[in-house]
Amino acid sequence: MPDSSQIQVSIPTPSWRKSKWLKNSLWIAGTILVLYAMVYVDVVLRAKDAYREGEKYWRWHEHPEEKSSTIDAEFNKEKLALDEKLSRNKLTKDEHERQLEIAKFDRDRNLEESSIKYAYVWYKTAFELFSPPESKWVRLSREKAPLAREKWKDELRSKKIPFEEYMLD
């Protein structure tokens, strides 16, 4: 009587499992699924970033002192970098002054810009460019964009800046 450890049972593999076209089809289907998953994640993350930018500008609209301190801090950081380059002779005095003037101009322009306008633009970007899919960030942006638009209109009216509806889109 043969020992049970010596008995080998072979189960025949169905012929369809051996075919190359099935293996290739599964690889292609898997690759397509991974690609779609990557695109989905990318679009959702971009919507989230756009929504957060909108939130930042909304917060700046409600707290202008925060906007001012953030922009001034960015300017001071850039000024220190320019001063460092000047001290290491990587910039001439004229180049330093020119780049410092550009940085001051950018700072002043950013301080004058309407924060609520940028909030509206970022919310609009989130739901126009990054949907589908209808993610949490797209839904939140879709809800907040009309409110930001109304606040922007109120701001324009308070500054007596004439506008037409089509100009806001």
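Bear in mind the structure is a predicted one, so any value in this text is a computation, not a measurement. (Residues numbered from 1 in each chain as written. Predicted model: local features only at pLDDT ≥ 70, side-chain atom pairs only at ≥ 80, totals over all residues. Heavy atoms only, no water.)

**Some thoughts on the confidence of the model for the protein chain**
Consideration 1: With 92% of its residues at a pLDDT of 70 or more, the protein chain shows a mean pLDDT of 92.
Consideration 2: Within the protein chain, helix H5 (residues 115-129) carries the highest mean pLDDT (97), whereas helix H1 (residues 15-18) carries the lowest (66). (pLDDT = per-residue confidence, 0-100. Helix = DSSP H or I, 4+ residues; strand = E, 2+ residues; numbered from the N terminus.)

**Section: the packing of helix H2 (residues 20-62) against H5**
Consideration 1: The contact between H2 and H5 brings their axes to 8 Å, and the two run at 165°. With respect to H5, the axis of H2 lies roughly antiparallel. For the pair H2 and H5, the sense of crossing is left-handed. Between H2 and H5, the contacting residues are Ala-47, Ala-50, Tyr-51, Glu-53, Gly-54, Glu-55, Tyr-57, Trp-58, Trp-60 and His-61 on the first element and Ser-115, Ile-116, Tyr-118, Ala-119, Trp-122, Tyr-123 and Ala-126 on the second.
Consideration 2: For the contact of H2 with H5, a count of residues per class yields 12 nonpolar, three polar and two charged. (Axes fitted to C-alpha atoms, helices over the stretch in contact; angles between N-to-C directions. Parallel < 35°, antiparallel > 145°, perpendicular 65-115°, else oblique. Left-handed = near helix turned anticlockwise from the far one by under 90°. Contact = heavy atoms within 4.5 Å. Nonpolar A, V, L, I, M, F, W, Y, C, P; charged D, E, K, R; others polar.)

**Description of the pattern of salt bridges**
Consideration 1: Throughout the structure, instances matching the rule amount to 16 salt bridges.
Consideration 2: A salt bridge links Lys-104 to Glu-101, with the nearest nitrogen and oxygen atoms 4.0 Å apart. Taken together, the residues span about one helical turn, with Lys-104 and Glu-101 both in helix H4 (residues 93-112) at a distance of three residues.
Consideration 3: Overall, the relative accessible area of 31% leaves Lys-104 in the partly exposed class.
Consideration 4: When the shortest N-O distance is used, the salt bridge between Glu-134 and Arg-142 registers 3.1 Å.
Consideration 5: Among the residues examined, Glu-134 registers a relative accessible area of 41% and is labelled partly exposed.
Consideration 6: Overlapping salt bridges bring together Arg-149, Glu-150, Lys-153, Glu-165 and Asp-169 as one network. (Salt bridge = Lys/Arg side-chain N within 4 Å of Asp/Glu carboxyl O. Buried < 20%, exposed > 50% of the residue type's maximum accessible area, 1.4 Å probe, protein only.)

**Notes on the packing of aromatic side chains**
Consideration 1: Taken as a whole, this structure holds six aromatic pairs when the rule is applied.
Consideration 2: Aromatic side chains Trp-58 and Tyr-123 sit 6.1 Å apart centroid to centroid with 55° between the ring planes, which places their arrangement in the tilted category. With Trp-58 in helix H2 and Tyr-123 in helix H5, this pair connects stretches of sequence that are 65 residues apart.
Consideration 3: Its relative accessible area of 0% is what places Tyr-123 among the buried residues.
Consideration 4: Note on Tyr-120 and Trp-152: the rings are 5.9 Å apart at their centroids and 40° apart in plane angle, and the pair reads as tilted. Note that Tyr-120 is positioned in helix H5 and Trp-152 in helix H6 (residues 136-158), a separation of 32 residues in sequence.
Consideration 5: Overall, the relative accessible area of 6% leaves Tyr-120 in the buried class.
Consideration 6: For Trp-152, a relative accessible area of 9% puts it in the buried group.
Consideration 7: Among the aromatic side chains, those forming a connected cluster through ring pairs are Tyr-51, Trp-58, Tyr-123 and Trp-137.
Consideration 8: One Lys or Arg, Arg-107, reaches over the ring of Phe-75 and ends 4.3 Å from the middle of that ring. (Phe/Tyr/Trp six-rings, centres within 6.5 Å; stacked < 30°, edge-to-face > 60°. Lys NZ or Arg CZ within 6 Å of the ring centre and 35° of its normal.)

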